[in-house]
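Residues per chain, in single letters:
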Amino acid sequence: MRNWKLAISSADSAPATSPILLQGTVCDNLEKAASLGYDAIEVHMRETEPIDIDIISEKMKKHNVRIAMVLTGRLNTEAHLSLMDDDENIVRQAIEGLKRYIDIARQLDAGIVIGWAKGTIPPGEKRELYMDRLANHLRTISGYGLKRNVPINLEVINRYETNVFNTALETVGFLQKYSLKNCFVHLDTFHMNIEEKDMYDAIRCCKGRLGYFHVADNDRNFVGHGELNFERIFSTLGEIGYEGYISVECLPIPDGLTAAKNSISQIKRIIGN
Ligand code: LER
Ligand code: MN
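Residues numbered from 1 in each chain as written. Chains lettered and ligands numbered in written order. Predicted model: local features only at pLDDT ≥ 70, side-chain atom pairs only at ≥ 80, totals over all residues. Heavy atoms only, no water.

Novice: Please explain the pattern of salt bridges as it appears in this structure.
Specialist: Between side chains of opposite charge, pairing is possible as soon as their charged atoms come close. One pass over the structure, following the stated rule, counts 16 salt bridges. As a salt-bridge pair, Arg148 and Asp103 come within 3.8 Å of each other at their nearest N and O atoms. Of this pair, Arg148 sits in the loop between helix 5 (127–147) and strand 6 (152–155) while Asp103 sits in helix 4 (residues 88–108), placing them 45 residues apart in sequence. Classification of Asp103 by relative accessible area gives partly exposed; the value is 26%. (Salt bridge = Lys/Arg side-chain N within 4 Å of Asp/Glu carboxyl O. Helix = DSSP H or I, 4+ residues; strand = E, 2+ residues; numbered from the N terminus. Buried < 20%, exposed > 50% of the residue type's maximum accessible area, 1.4 Å probe, protein only.)

Novice: Sorry, what's going on with the nonpolar core here?
Specialist: One broad trend across soluble globular proteins is that nonpolar side chains are buried collectively. Ile67, Phe174, Leu187, Phe213 and Phe234 are the most contacted members of the largest nonpolar core, which totals 98 residues. Broken down by element, this core gets its largest block of residues, 10 residues, from helix 4. (Core = buried A, V, L, I, M, F, W, Y, C linked by side-chain atoms within 4.5 Å.)

Novice: Even after reading the chapter, I still don't get the site of ligand 1, so can you show me in this structure?
Specialist: Taken together, Pro19, Trp116, Glu155, Glu161, Asp188, His191, His214, Arg220 and Glu249 are the residues near ligand 1. In the environment of ligand 1, an oxygen atom lies 3.4 Å from a nitrogen or oxygen atom belonging to the side chain of His214. In this structure, Arg220 approaches ligand 1 through a side-chain N or O atom, which is 2.8 Å from an oxygen atom. The fraction of the free accessible surface of ligand 1 (250 Å²) that becomes covered by protein chains is 89%. Most atoms of ligand 1, that is more than half of them, are within 2 Å of grid points of the largest pocket. Across the shell around ligand 1, the residue classes break down as two nonpolar, two polar and five charged. (Near = heavy atom within 4 Å. Polar contact = N/O pair within 3.5 Å; in protein donor to acceptor, adjacent residues only side chain to side chain. Areas by Shrake-Rupley, 256 points an atom, 1.4 Å probe, with all protein chains shown as cover. 1 Å grid on protein atoms, 1.4 Å probe; cavity = no way out; pocket = protein on both sides within 12 Å on 5 of 7 lines; lining within 4 Å. Sits in = over half its atoms within 2 Å of the grid points. Nonpolar A, V, L, I, M, F, W, Y, C, P; charged D, E, K, R; others polar.)

Novice: Honestly, helix 5 in this entry has me stumped. Any pointers?
Specialist: For an α-helix the count is 3.6 residues per turn, leaving residues at separations of three or four pointing the same way. If you check helix 5, its first and last C-alpha atoms are 30 Å apart, about what 21 residues at 1.5 Å a residue would give, namely 30 Å. Burial in helix 5 covers these residues: Tyr130, Met131, Leu134, Ala135, His137, Leu138, Ile141, Ser142, Tyr144 and Gly145. Taken from the residues just after helix 5, Asn149 is the one with a positive phi, measuring 65°. (Expected span 1.5 Å × (residues − 1).)

Novice: Looking at this model, I keep getting lost on the coordination of the manganese ion (ligand 2). Mind explaining?
Specialist: For a metal with four tetrahedral donors the ideal donor-metal-donor angle is 109.5 degrees, while six octahedral donors give ideal angles of 90 or 180 degrees. Within the protein, the atoms that donate to the manganese ion (ligand 2) are Glu155 (OE), Asp188 (OD), His214 (ND1) and Glu249 (OE), at distances of 2.1 to 2.3 Å. Classification of the site at the manganese ion (ligand 2) as octahedral follows from its six donor atoms and the range of 69 to 177° in their angles at the metal. In terms of primary sequence, the donors binding the manganese ion (ligand 2) are separated according to E-x32-D-x25-H-x34-E. With Glu155 in strand 6 and Asp188 in strand 7 (residues 183–188), this residue pair connects regions lying 33 residues apart in the sequence. Asp188 carries the same exposure label as Glu155, and that label is buried. (Donors = N, O, S within 2.8 Å, 3.2 Å for Na, K, Ca; no water. Tetrahedral: all angles 85-135°; square planar, octahedral: opposite > 155°, others 65-115°.)

Novice: What am I meant to see in the side chain of Asn153 here?
Specialist: Along the chain, Asn153 falls in strand 6. Taking relative accessible area as the criterion, Asn153 reaches 1% and is therefore assigned buried. If we ignore the near neighbours within four places in the chain, the residues touching Asn153 are Met69, Ile112, Val113, Ile114, Phe184, His186, Gly211 and Tyr212. (Contact = heavy atoms within 4.5 Å.)

Here's what the structure looks like:
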């Protein structure tokens, strides 16, 4: 199969209920990821966090490991900002925050992921109005990213966490309808297992638009723990010519290190590198 690069989720710290496997400084997590055989980390962080690009770049070079994505969820969970909010001031701050994430990602040669920071549609409200608003703001952000060579990946997340972009088809349809450039679909097998009628067709419908791929088993434990058919999942990714990262984002059960080791050994067994 393809020679995909493998990434692993990381943050400075995270509760045990979050699908974060490495905890510590970016430098420490880069080193840990490399020693576990991963090619990259994805970093969950705040856009206001100071980072020392020179030291991080040196670490990346030394261990031949990269930063795949900067994740923006904390803009919503901690700062309560989102792109679909009714309050223009909140939206303005959300856009500024996302631009700051793009500035960080540019320096790290990474992309960004937007999941919860897009926000949700309040119950009973007119959906189209909010989707138009979201598209409008994503156009601003993706244009800012395009000038800086930073792609924007929209994560498809299950209905219990959000009410926008729950399926691959919905997300592809949105990108097509609004002709958004520099925006890609980000799938996650945990969410797909909840929402998609057929996971393989869901991957197929993202052909040419898939920018990032999270893996966890059906119970969000490490790859190989549950019932998902990763042979078929990876072969479908190959079929559509996906060339991005495969990133392990699963629960740290029994602990982060064991889940990281188990996942990578299963993935390498299947993809054969
Ligand atoms: C983030 O990548 C994700 O998948 C969400 O469910 C937040 O945990
Ligand atoms: Mn995910």
